[in-house]
Amino acid sequence: EDKHLTMTITMCSRSCYIVILLGLLVCLYGDVVRGQEVSMGTTLVAVRYRLSDGSDESGVVMGADTRTSVSGYVSNRFAAKLTPILLGGDDETNVGSTCVVGRAGSAADTQFLADALHLELSSRRRLVQKIPGTVTATAHLLRTMQRTGFEASILCAGWDHVLQKALIYQLDKGGTLMECDEISGMAVAGSGSTYIRGLLDSTSPPTSQQEAMALVTKCLHLAMQRDGSSGGWIRLVTMDSKGQKKHLIKSTHDMNKLLNKSEEPQNNSKQEYMDLKGFAPPKPVRSSSSPRSFSGGI
């Protein structure tokens with residue numbers, strides 16, 4: 001009996017050691033996996049404008065780049081980081097808010113949050129007498145979901161039909177929800193935001209939708225020149241009392257056209273895309289009839 005008891009204790013001890021070792025391996029491997037997850041190293045910009053014609057009409061423009069990366073590898077050059085949540089009034093009421101969520105952080109976490117948020121608001125609208133959601137309710141519901149520990153930094157902006165004005169909310173990774181103040185009317189998020197905060201602080205609030213679109217485009221273009229995790233194209237969404245509209249800026253030609261910069265006319269097939277800007281042009285191919293020289297470099 002003593003022999004069997006000793007063998008049982010020995011086996012239990014070895015089992016405990018194996019369990020502890022497996023736990024340590026899982027923890028170490030989990031850190032490695034989390035460090036290599038798909039990250040939306042991003043530049044998000046939201047700017048609110050108010051018309052200068054004396055009316056209280058306002059709107060908001062939100063923009064983002066399209067690059068998604070895994071560590072130093074660009075996994076997607078044309079990602080959509082602006083997710084529509086509220087699309088305005090339906091055919092019956094013709095009343096409703098427009099709201100778009102800009103996603104930065106873990107791609108998986110932000111996609112789950114956006115899908116769950118859209119599903120929850122759709123269910124509430126069907127169950128509670130088809131009451132349309134608002135930008136404020138969307139932002140606070142998103143804050144409740146974010147407190148579960150998702151790796152996400154989000155901008156929530158749109159036109160609120162209850163308050164009759166444009167709103168911008170910023171939600172950081174810790175779950176803190178902040179409403180953009182009436183004076184500045186601007187918010188940024190993502191890894192590229194540090195390069196454009198000073199520019200936004202020194203800029204007066206725009207007084208038209210065109211000025212707001214030009215400011216957002218300029219900020220994104222400058223951030224994409226410095227931030228290695230931001231790049232690709234520029235996606236814009238404009239929101240006001242009339243609804244929302246999407247815009248896509250693919251090249252510097254489109255950007256200069258939006259910024260009202262004069263440039264020489266060029267063939268559309270030879271547009272200079274932002275992903276290729278800064279690279280040296282390819283060298284001309286030598287003719288087969290010309291002698292090859294080995295004195296220069298390759």
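(A) Spotlight on the pattern of salt bridges. One pass over the full model with this rule turns up 3 salt bridges. The partner of Lys-81 in a salt bridge is Asp-65, with the nearest N and O atoms 3.2 Å apart. Remark: Asp-65 occurs in strand 3 (residues 58-65) and Lys-81 occurs in the loop between strand 5 (73-76) and strand 6 (82-87); sequence separation between them is 16 residues. By the burial criterion, Lys-81 is buried, and Asp-65 matches it.

(B) Layout of the confidence of the model for the protein chain. Across the protein chain, the average pLDDT comes to 76, with 69% of residues at 70 or higher. Note on residues 287-298: pLDDT is under 50 here. Beyond four places in sequence and across chains, it has 1 contact.

(C) Focus on the pairing of strand 3. In terms of burial, strand 3 is a largely internal element, 8 of the 8 residues being buried. Bridge count for strand 3 against strand 12 (residues 234-240) is 6 bridges, and the pairing is antiparallel. Paired with Val-61 across the bridge in strand 12 is Thr-238.

(D) Molecular detail of the sheet that holds strand 3. Judged by pairing direction, the sheet is antiparallel, and its 5 strands sit side by side in the order 11-2-3-12-13 without closing on themselves. Looking at which strands have only one partner, the edges of the open sheet turn out to be strand 11 (186-189) and strand 13 (243-249). Between one strand axis and the next, the sheet turns through 15° on average, direction left out of account. Against the sheet, helix 5 (residues 209-226) makes contact with strand 2 (44-50), strand 3, strand 11, strand 12 and strand 13, and its axis sits at roughly 155° relative to strand 12, the strand it touches most.

Cut-offs used in this document
Residues numbered from 1 in each chain as written. Predicted model: local features only at pLDDT ≥ 70, side-chain atom pairs only at ≥ 80, totals over all residues. Heavy atoms only, no water. Salt bridge = Lys/Arg side-chain N within 4 Å of Asp/Glu carboxyl O. Helix = DSSP H or I, 4+ residues; strand = E, 2+ residues; numbered from the N terminus. Buried < 20%, exposed > 50% of the residue type's maximum accessible area, 1.4 Å probe, protein only. pLDDT = per-residue confidence, 0-100. Contact = heavy atoms within 4.5 Å. Pairing = 2+ DSSP bridges. Axes fitted to C-alpha atoms, helices over the stretch in contact; angles between N-to-C directions.

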